[in-house]
Amino acid sequence: MKNFFEKYTWDFMLNRNPMCEYHIPTYHKILCKNPPQFLNKYIALPTMQRLKGIGLLCGTDWTSLYHNRLSYSRLDHSIGVALITWNFTHDKKQTLAALFHDISTPVFSHVSDFRKGDALTQTATEEPNAELLKQDKVLQELLKKDGIYLSEINDYHKYPIADNEIPQLSADRLEYMFPSGMALDGSWTMEEIERCYNDIVILKNENNIDELGFKTEAIALEYCGHFCLIGHILQLNENKLTLQLLGKVMNLAVEKKVLSENDFMTLSEKEIIQKLEAMPVCAELSELNALYKTFRTMKQVKHTAEPLENHFCVSLKVKQRYINPLVKTKDGKIKRIADCSLEAKKIINDFLTYEDTAYGCVKIEK
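Since this is a predicted model, take the numbers as computed values, not measurements.

Our focus in this paragraph is the sheet that holds strand S7 (residues 359-363). Spatially, the three strands line up as an open sheet ordered S3-S7-S4, and their pairing is antiparallel. Only two strands of the sheet have a single partner each, and these edge strands are strand S3 (302-304) and strand S4 (311-314). Taken pair by pair, the neighbouring strands of this sheet meet at an average axis angle of 30°, ignoring direction. The pairing of S3 with S7 spans three bridges and is antiparallel. Bridge pairing links Lys-302 to Cys-361 in S7. Packing against the sheet, helix H13 (residues 237-255) makes contact with S3, S4 and S7, and its axis sits at approximately 115° to S4.

This is how it looks when you write it as structure tokens:
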């Protein structure tokens, strides 16, 4: 039996839906119809506002290989995760932990994981979170006035509605796949988002821990399939190569003193791109110039069994982003969708066993 994902090639995925416009405030209103006012003062913190200059989609807004239809920042994402968490818990501490979960994200987001050799777990960017929050004196004052301890909001992993392990559903996982689908392939209409979101409730999982799940099997199946399709884009060679190539550019730019490590935490992506655009064309920077030009102008990745000469090639395993959500069945039981739907089981198994070609390669521009 054919793998479900075989027909979903890069070109097919990116061109299968018509172009459309998305309105972020409208989307956020779906996530929480009555946003809590206490959040505003925390969103306004400079440490949070820095995330406005960092894209959710890991530098893919800056290359011709993608046709991203929506510009969505890490600040937008952080607000979205906080809104979901508040919507289901109405708990200030959990909501603030959700808001701050990406506070230490550098420019180009998970590209920094790739450049540090962490393509498989993609968690290296989270490590400085607690320390950055500790250093923020204005934040400390706000928390003191609200009667909240730093230790209660500096790690969202302790709150299962905000975060949990794949393939469970959490506010973070729920949020990032909506705008990812909107941006990458134009999937997730507002109507689809609202229908799926309004079916979500808090259920008890196998370990008797709270987890977001669905009230109806049909919507749980729809969401599972949609999520896995977007996750499929993220495990194709095109996406692997893009993040690895940009990571190489970042490392080389630091080595050649065109950029510094501090730049990645203080400048916006636009400012980083402007610095790279302003590089002199010289022998010393020839490799950096060539790789940067390749990243910016590439439009096609070759799928090969072996690396190609005069090409930038990648062969690596990456984090697989998929979902097997809880659902309340018609007889009142709580199960994983793959345990009550053969279609969902096949989609998930095919996602996990799909293999792209050994290498993805792009010709290096001179």
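Here the narrative resumes.
Reading across the sheet, the four strands line up as S1-S2-S5-S6 and stay open at both edges, with mixed pairing between neighbours. Two strands lie at the open edges of the sheet, namely strand S1 (200-204) and strand S6 (334-336), each paired on one side alone. Here the average twist between neighbouring strands, direction ignored, is 50°. Where S1 and strand S2 (residues 210-214) come together, five bridges link them in antiparallel fashion. Paired with Ile-200 across the bridge in S2 is Phe-214.

Calculation criteria
- Residues numbered from 1 in each chain as written.
- Predicted model: local features only at pLDDT ≥ 70, side-chain atom pairs only at ≥ 80, totals over all residues.
- Heavy atoms only, no water.
- Pairing = 2+ DSSP bridges.
- Helix = DSSP H or I, 4+ residues; strand = E, 2+ residues; numbered from the N terminus.
- Axes fitted to C-alpha atoms, helices over the stretch in contact; angles between N-to-C directions.
- Contact = heavy atoms within 4.5 Å.

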